[in-house]
Amino acid sequence: MSVHETQPATAPESRPTRRIDFGQFGLAAFMVVVGIYTIIDAAGLEVGFADPVGPRVFPYVIGAGLVLVGALLAVATARGSQPEPEEGEDVDLSSSADWLTVLKLVTVLLFTVATVNLLGWAISGAVLFAGAAWALGSRTLVRDVIVGLVLAVASWYAFYVGLGIPLTPGVLDGIL
């Protein structure tokens, strides 16, 4: 090709316009702020002399993880990473909310809050599980009550024995 010859004109490149996702940047900033607050708040915890790990380790790890993930999200967003919608979602967004189900769930939750001190966690937790399963469409009440009771008693013992946090036994005081 000589100097005077021209190359054929090419169509301008069609790049998709990059949209700035302020929602992702906002989430990243929120995660960093919460992480920093967690780290600063953990620094004020009292450390016992007999505890080799101390109460600060867990909040430090969580706070550092939040700061790291928030920073990585900000970098990914700045580089153009965009979330993709879930293709397998089977929710019809044009239909209205099922307010009866929401009302059932709120009722079961309020019942649990109101009776946990009187009945105890084992019974209230079983009612919470069985009631939530019923509200969401389960029709096997006996199985739901048994599974709820097993989970509630297991979590009661996990808190009491494993973590040393006593949950209220309620009417089962002396039995659990």
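Residues numbered from 1 in each chain as written. Predicted model: local features only at pLDDT ≥ 70, side-chain atom pairs only at ≥ 80, totals over all residues. Heavy atoms only, no water.

Draft legend 1. How the structure looks around the overall build of the protein. A count of helical and extended segments in the protein gives five helices and zero strands. Looking at the protein as a whole, 18% of its 176 residues are labelled buried. Across the protein, the fraction of contacts at a sequence separation of at least 24, relative to all contacts at a separation of at least 6, is 59%. In the form shown here, the protein has an accessible surface area of approximately 13400 Å², with 69% of it arising from carbon and sulfur atoms. (Helix = DSSP H or I, 4+ residues; strand = E, 2+ residues; numbered from the N terminus. Buried < 20%, exposed > 50% of the residue type's maximum accessible area, 1.4 Å probe, protein only. Contact = heavy atoms within 4.5 Å. Areas by Shrake-Rupley, 256 points an atom, 1.4 Å probe, with all protein chains shown as cover.)

Draft legend 2. Structural context of the packing of aromatic side chains. Under the defined criterion, the tally for this structure stands at two aromatic pairs. For the ring pair Trp156 and Tyr160, a centre distance of 5.1 Å and an interplane angle of 10 degrees mean the geometry is stacked. Pair noted here: Trp156 and Tyr160 are both in helix 5 (residues 141-163), with a separation of four residues, about one helical turn. By relative accessible area, Tyr160 is classed as partly exposed at 44%. (Phe/Tyr/Trp six-rings, centres within 6.5 Å; stacked < 30°, edge-to-face > 60°.)

Draft legend 3. Representation of a nonpolar patch on the surface within the structure. Taken together, Trp99, Val102, Val106 and Leu110 make up a surface patch of nonpolar side chains, about 420 Å² in accessible area. Topologically, Val102 is positioned in helix 3 (residues 99-119). (Patch = residues over 30% accessible without salt bridge, like charges linked within 9 Å, V, L, I, M, F, W, Y side chains within 5 Å. Salt bridge = Lys/Arg side-chain N within 4 Å of Asp/Glu carboxyl O.)

Draft legend 4. Representation of the environment of Leu141. Looking at the secondary structure, you find Leu141 in helix 5. For Leu141 and Ala130, which are eleven residues apart along the polypeptide, the C-alpha to C-alpha distance reads 6.9 Å.

Draft legend 5. Looking closely at the packing of helix 4 (residues 121-135) against helix 5. Interaxial distance between helix 4 and helix 5 falls to 7 Å at its minimum, and their mutual angle equals 140 degrees. Our classification of the angle between helix 4 and helix 5 gives oblique. Of the two possible hands of crossing, helix 4 and helix 5 adopt the one that is right-handed. Contact residues: helix 4 offers Trp121, Ala122, Gly125, Ala126, Phe129, Ala130 and Ala133, while helix 5 offers Asp144, Val145, Val147, Gly148, Leu149, Leu151, Ala152, Val153, Ser155 and Trp156. Along the lines of polarity and charge, the residues of the contact of helix 4 with helix 5 split into 13 nonpolar, three polar and one charged. (Axes fitted to C-alpha atoms, helices over the stretch in contact; angles between N-to-C directions. Parallel < 35°, antiparallel > 145°, perpendicular 65-115°, else oblique. Left-handed = near helix turned anticlockwise from the far one by under 90°. Nonpolar A, V, L, I, M, F, W, Y, C, P; charged D, E, K, R; others polar.)

Draft legend 6. Region of the structure containing helix 4. Here helix 4 is 15 residues long and its end C-alpha atoms lie 20 Å apart, about the 21 Å a rise of 1.5 Å per residue gives. Of the residues making up helix 4, those classed as buried are Ala122, Ser124, Gly125, Ala126, Ala130, Gly131, Ala133 and Ala135. For helix 4, the secondary structure elements touched by its buried residues are helix 3 and helix 5. (Expected span 1.5 Å × (residues − 1).)

Draft legend 7. Fine view of the environment of Phe58. Position of Phe58 among the secondary structure elements: in helix 2 (residues 57-78). Put simply, Phe58 and Ala42 are 16 residues apart on the chain and 8.8 Å apart in space, counted from C-alpha to C-alpha.

Draft legend 8. Summary view of helix 2. Between its first and last C-alpha atoms helix 2 spans 32 Å; for 22 residues at 1.5 Å apiece the expected length is 32 Å, and the two agree. Listed as buried for helix 2 are Pro59, Gly63, Gly70 and Thr77. Viewed along the axis of helix 2, the buried residues span an arc of 65 degrees, placing them on a single side of the element. Facing away from the buried side of helix 2 by over 90 degrees, the exposed positions are Phe58, Val61, Leu68 and Leu72. Residues of helix 2 that are buried sit in contact with helix 1 (22-43). Note on helix 2: the residue one or two positions beyond its end, Gly80, has a positive phi of about 100 degrees. (Arc of directions from axis to C-beta.)

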